[in-house]
Structures are given as structure tokens and as C-alpha cells.
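Below, each chain spelled out in residue letters.
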Amino acid sequence: MADDKYKMTISRLTVDKLGVKLYDRVSAVIAELVANGYDADAETVTVEAPMGTYLATVSQGQIQDAGHRIVVQDDGCGMSPDVINPFYLKVGAERRNDPERGNKSAKHGRLVMGRKGVGKLAPFGICNQIEVISTGGDLTERSESGNVISGYRTAHLIMRRDAILSDVDEEYAPTLGDLDETLQPDPGTRIIMTEFINRMVPELETFNRQLAQRFGVKSENWQIRLVDTNLVSGTTGREVVVGDFAIPTMPSTRISLQGPTSEVVGHSRKGEFRAIDEDGNEVPGAEAGFTFHDGRFYPVVGWVAYARESYRDELMAGVRIYCRGKIAAQTSVFNRRSGFTGEFNIRSYLVGELHVDWLDEDEDLIQTDRRDILWSDPLGQAFEKWGQNIVTLIGTKSREPMKKRIWEQFLEVGDVAERIDEAYPGERWKPVRETTFRLAKLMGERLREDEVKDAEHVESLVQLSLMLGPHVQLDEALRDAANEEKAPIGVMAAILRTARVAELSSYGMIAEKRVQVIGRILGLTGTDQTDEQQLQDALFEAPWLINPLWSPITANQSLSTLRDRFETFFKEQTGQDISLARFSESKKRPDFVLSSDDFGLQIFEIKKPKHKLTNTEWERVQVYIDQMQAFLDAQGNQEFKEIFKRFTVTIVCDQIGLSGSQLKAFRAFEGEKQVEHITWDGFLLRTRRMHQEFLEEAERQRALEIQ
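What you see is a predicted model; the values in this text were computed from it and never measured.

J.: Outline the pattern of salt bridges, supporting the account with residue identities and numerical values.
T.: Note that side chains of opposite charge can pair when their charged atoms are close. Enumeration over the complete set of coordinates arrives at 32 salt bridges. One salt bridge connects Arg153 with Glu181, and the closest N-O pair in it is separated by 2.9 Å. Within this pair, whereas Arg153 is found in strand β6 (residues 147–160), its partner Glu181 is found in the loop between β7 (175–176) and β8 (183–184), the two being separated by 28 residues in sequence. One salt bridge connects Asp450 with Arg448, and the closest N-O pair in it is separated by 3.2 Å. Given the relative accessible area of 35%, Arg448 is considered partly exposed.

Next up, the structure:
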């Protein structure tokens, strides 16, 4: 029942802001209770919880408690009933200034983690009821039923959030528990949480990592045990001892910041601290701390490095900053602005563990929820500047190891060495192999991690290396030959062979890429939802789809002049504007595409897939044919007729829906070979076949050259 023995003096707003609002995650709540155990000289803190389980459910907007409980128990010095009011229920009491408790723990001399005295309210962030059973003080003897028993006095109180937050100004009196004022054989504290809100306890492995990340304490007389109450006692995997938060780092990137302690700033001397690399050498430009304008040296001990792998979760993202063994902040770049060289790698790989106990020595520079540092403070700004310098130094140190690591991944993903050996085998082609390998390395080691994991992107770079290798080797061989007054015939023959392989490699790669593009467009034409403009845009980007022999060199001036003059002629004769596709100008939608080959002009009328050519559309094509014939027969255009002796019209359309005289006219033109009808599949298959045949021949010729 309620009693006036124990009383909490605290404003309702304080409980709400410091308890409920700041600590809304299970791991954060448990961390505060574990820290209290550490400050109480506990050697073991045991956390019992239903791992990987929701503590409550929500039904029709109402929270339904699932009946779970979380217990945090430590074997520390505990509290007797006499100190509950001044030490525990007085929220916000500054322990470090308390003459009875002080800045260090009594037994192990630990620098206490707590300062503000609000961590005890953390459980109210996830539950409504907290039961505190704490045993401590001096060993006491008591006579009960004629027997003398000894033990430590116990305080047992039950606190409820809903009662504390009620709108009254009276002091809050917790309910007394059955064990209050009993004697227990061993000191220690047990916190029991019940009546939860909808929060999830992490899986055991995740919880282990979360607590390991929050505490940077390394001591033989300190451990945290996690117990999964979902599993029965004795079950494998039910318990785990929280270990170090280990992050494998990349060789040659580590900067170790060493010194005797970072505890008391006023007693620290700059010469006692060193920043060294993995070989024990001083790192130029790095210091294990900084001197502030007050003349004192503020030490920073720990390490900073590049991780072997990019961050897999937020726990390992960046440098962890600890104060008195408890995490105070985590930062990836010490608030450095975006846009600096190597930013992607820094933000993805930089890791570290720094201990700066002076963060709350005189002035408290840690936010109450311990999620960040007050960087705006002058001392925080000085620390920030120091950290940004370390970030720059690590970025410089990691450049070569990072390139090496990415190159090794590129080698594996792209099967680079084997591909090059296969492409240019034997002693004869050793120079080309070496050059190609050098080019592949130049491209591969400059990739980002996400790029080197993209097999398609890696393949394109390997192909490019295989194509460029002979070209670069040819250029180097020509320069070497030019420096000799009389190059021997053997050298010239080798140069010619390399030139031939370079040429075939280039054409072969072009043909292979074109075959791939044709395959994609075949998929695009398999639906009637494809817009005609999409296909025309594709033709602008890849004019060789219309004419496989097309290249920027074959797009001659005569064809360009004919286009311009015909557009003018058509306007004069019909009064209508007409647009012919120019492969270098894809913004204007054409009426049809004009190309050329060895036999003359080619006019392509392109319709969207599944389309059926109508009488009206055919009549427009006939107008094109008539006007083109009239243009070529007109006086002054003899030069065009000599160059382009004939012209044909290819209609790319899946179906012919003509009737009557239009159908007869179409068949007549088709019989005279002046009009050709081809479906989209037929059109693309023909183009792909031509390129495939070229690719196979190029590969055959190349194979002959490198034998």
C-alpha cells in the first residue's frame, strides 16, 4: 500500500520530457540502467528480456499489454532504505558534487557515467510500471523470532508513470513492496519493468551489438549478460555476454591515439600523447588531442581507421565517441561540409573509437539523450576542428589501400586476368596483355564499392579494356619506332599485326553492343503500348538500326544537302512542311527517315508495333514517292541523280490494312521493288543478323591474328 516513507520530488513535466520523450527505444532504456549498475561498482549486470518480441500490441487503436517483463539486475553496492530519497528519488541530483558519493565509485574507483540523475526515469519511455528492489548499506544484524539474522537492508518500491504524470502538485509517494526493510544476504539492485507500450525488444545478437556499441568499457571486473526469457533455462543460445564492438579495419589505415589517460584535463601534458600508425611511427599532422585557448591540452585517446567493409548498419557508421566509458556521440565526418574529395568513401568506411572523458568534466557538452555532442560550444568547436583534420589524414592514408581493395574485387568480379590471357595468349602478345591489364587496373581501382559490385558495369569496363589494349600498345609501339632511325622489319610487322587486332577489337565490340541493343528493342516492340515516338527516338540514338553500314563518316555532305533541298522542294510543290530525320538532331519529330547506301536513297516510314497501315497513310507515302521522283528528275538536280541512282521506300509496319485502289498501287510498287514492307520483328532480326555475322567474322579474324 502507499506510504509517506519514500517520496519523489519532481515536476510532472520533467518526468515526461526526461523519461518518456528521450528514451523511447528498449536498447536506450536498458543502457541507462546498465550505466547505473556500472556506477554502483557492479561486476555483472544481467538483463532478462523476451528477445525479438513486441512488448505490447495495438488493437483498434488501443495498446494491449502482452504480459511481458524486463528485469535488469546488478551485483553492485545497492541502496539501503535510508538513501533512496536523497540518492534515487531526488531527480536531477548532481552525484559528482555529492561529498558522500563523489566523482568515482567506492570499490573499483571508476569514473561514474551518470551526471544529471535522470537515467532512472528512462524506463518510463517504454513502460508504465517500474519496480525497484535495492539492497545495500552496512551489514546489519536483526533478531527475528528469537533468531539473530544478518544481511543488508532492502528498499522495495513500485512507481507508476500514470500516477507521476497526474495533474497534481503534491509530492509523489511510490507504493511500498513486500521486501521493503527486509534483510537480504547480498547487496545489489533489481529493476523490474512491466505494462509496456508498443515497443520491440531486439533479437539477442542485435541487442548484444547495440549494448557493445554503447559501452566502451574494457575491464576484467565488468560484464553485461543478456538472457532471452523466450527460451527455457539451459537452452543453447539463451544467454550471451556482451563482447567488444569489434570492426575489422583495412590494413595501413589505422591511426592510434595513445596516452596515459584522458581523465583529468588539468593534469594532461601534450608530450604524453602520441598519434602513431600501425608500424609505431608518428603520423605527420596528427595529434592525440588539442590545445584550447585556455592553455590546457585536451587529450583524445583511441583509434580511427577505415573499415574493411562499408557500414552494414547505423551502429558501425562512423567514429564512436565515449565519455567515461559510455557513448556520447557518433559521427562520420565531424560535421564537415559535403563536397570534399573522397566524401563517399569517408562516409561509408570511416570508423573509430575515441575516449574523451573531459566532455563533461567542467562543462557538460553531451546532450541529455547522449545522441550527440554540443558542437556549438567553443570547446566543442575545437574538438570538431581536430576531428575534421583526422578525417582528412585518414582519407589520405586510406587512398591506396582502398584502391587496392577495390581492384582486387574488380579482378574477381570481372575475371579480368583470365579474360585478358584468353584474349591475347602466348608470348607473342605479352606486350598487349600487359597494356590491357594496366588499363583494366586504371579503371577498376577507381570504382566505388557499389559500382564494383555491379557485374554489368564491371563487364563493360573489362570489354573496354580488351578493346583499348591493342590501341594503346600500338600507340606506344609507334612512338618507340619513331625514336629509332631504322626500325627493323620485325618491329614494323609486329606493329601492323597489333594495328589489325586493334581494328578488329574495336569493330567487334561495336557489333556486340549493337546486337545487345537490338535485343532490347525487340522486347520494346512486343507490345502495342509502345509509342511511335519512342521507337523514332531509339532510331535517332542508333541510326545503324536502319542502315547497319551507317557511321558518322558515311553521313556525307551530299545526303545532308539533298535533305535540305528536298524539304524546300516539297514545301513549294505541296504547300506542306516536311521533316526528314537527321541523326544528329533528335528533337524534331520527322515525317520519315532518309538514309543512303551503295544502291541509292532509302526512305523509311516507321509505324508503331501492332499498327495496321491505313489507306490514308499509304496515300501520304505515295505523295512522298511522287515528290521525291519529281525532285530527282528536276533540272538542276542531276548531281543528286548521279549519286543516288534510285530510291526505295521501306515501310516498317506489322500489318497492311489497305483496300481497293490503294492496295493495288501498293502491290504494284512492291512488285517493282520500289516499296518494301517489313514487320518490326523482321526489321530488327535482319539488322541483328547482319551485325551478328559481322561480329562472328571479326572474332574469327581476330583469332587468326593472335595465333
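J.: An account of the packing of aromatic side chains is requested, with residue identities and associated values reported.
T.: What describes a pair of aromatic rings is the distance from one ring centre to the other and the angle between the planes of the rings. What the rule picks out here adds up to 23 aromatic pairs. For the pair Phe334 and Trp375, a centre-to-centre distance of 6.0 Å together with 75 degrees between the ring planes defines the contact as edge-to-face. With Phe334 in the loop between β18 (326–331) and α6 (343–349) and Trp375 in the loop between β19 (350–355) and α7 (378–414), the pair connects residues that are 41 residues apart, well separated along the chain. Considered together, Phe334 and Trp375 belong to a single accessibility category, that of buried residues. With 5.4 Å between their ring centres and 85 degrees between their planes, Trp407 and Phe437 make a pair best called edge-to-face. Note that Trp407 is positioned in helix α7 and Phe437 in helix α9 (residues 430–444), a separation of 30 residues in sequence. By relative accessible area, which is 8% here, Trp407 ends up buried. Of the aromatic side chains, those joined through ring pairs into one cluster are Phe290, Phe292, Tyr298, Phe334, Trp358, Trp375, Phe383 and Trp386. Its guanidinium or amino end placed over the ring of Tyr38, Arg110 lies 4.5 Å from that ring's centre, counting from NZ or CZ. Directly above the ring of Tyr88 sits Lys120, whose terminal nitrogen or CZ lies 5.7 Å from the centroid.

J.: Outline the pairing of β18, supporting the account with residue identities and numerical values.
T.: Within β18, five of the six residues are buried, which leaves it mostly tucked inside the rest of the structure. Pairing geometry for strand β17 (residues 318–323) and β18, over five bridges, is antiparallel. Residue pairing for β18: Cys323 is matched across the bridge by Lys326. Connecting β17 to the next strand, β18, in antiparallel fashion are two residues, including Arg324 with a positive phi near 55 degrees.

J.: Provide a residue-level description of the packing of α7 against helix α8 (residues 416–423), including the pertinent values.
T.: In a pair of packed helices, the angle between the axes and the distance between the axes together describe the arrangement. Running from N to C, α7 and α8 point in directions that differ by 55 degrees, and their axes come no closer than 6 Å. What the angle tells us is that α7 and α8 run oblique. Here Trp407, Phe410, Leu411 and Gly414 of α7 lie close against α8, whose contacting residues are Val416, Ala417 and Arg419. A class-by-class count of the residues in the contact of α7 with α8 yields five nonpolar, one polar and one charged.

J.: Account for unusual backbone geometry, with residues named and values stated.
T.: Backbone geometry at Phe334 places phi at a positive 55 degrees, although glycine is not the residue there. Phe334 gets classed as buried once you look at its relative accessible area, which sits at 2%. Positioned with a positive phi, Lys610 is a non-glycine residue whose angle comes to about 70 degrees. Mapped onto the elements, Lys610 comes out in the loop between β22 (600–606) and β23 (612–613).

Rules used in this analysis
Residues numbered from 1 in each chain as written. Predicted model: local features only at pLDDT ≥ 70, side-chain atom pairs only at ≥ 80, totals over all residues. Heavy atoms only, no water. Salt bridge = Lys/Arg side-chain N within 4 Å of Asp/Glu carboxyl O. Helix = DSSP H or I, 4+ residues; strand = E, 2+ residues; numbered from the N terminus. Buried < 20%, exposed > 50% of the residue type's maximum accessible area, 1.4 Å probe, protein only. Phe/Tyr/Trp six-rings, centres within 6.5 Å; stacked < 30°, edge-to-face > 60°. Lys NZ or Arg CZ within 6 Å of the ring centre and 35° of its normal. Pairing = 2+ DSSP bridges. Axes fitted to C-alpha atoms, helices over the stretch in contact; angles between N-to-C directions. Parallel < 35°, antiparallel > 145°, perpendicular 65-115°, else oblique. Contact = heavy atoms within 4.5 Å. Nonpolar A, V, L, I, M, F, W, Y, C, P; charged D, E, K, R; others polar.

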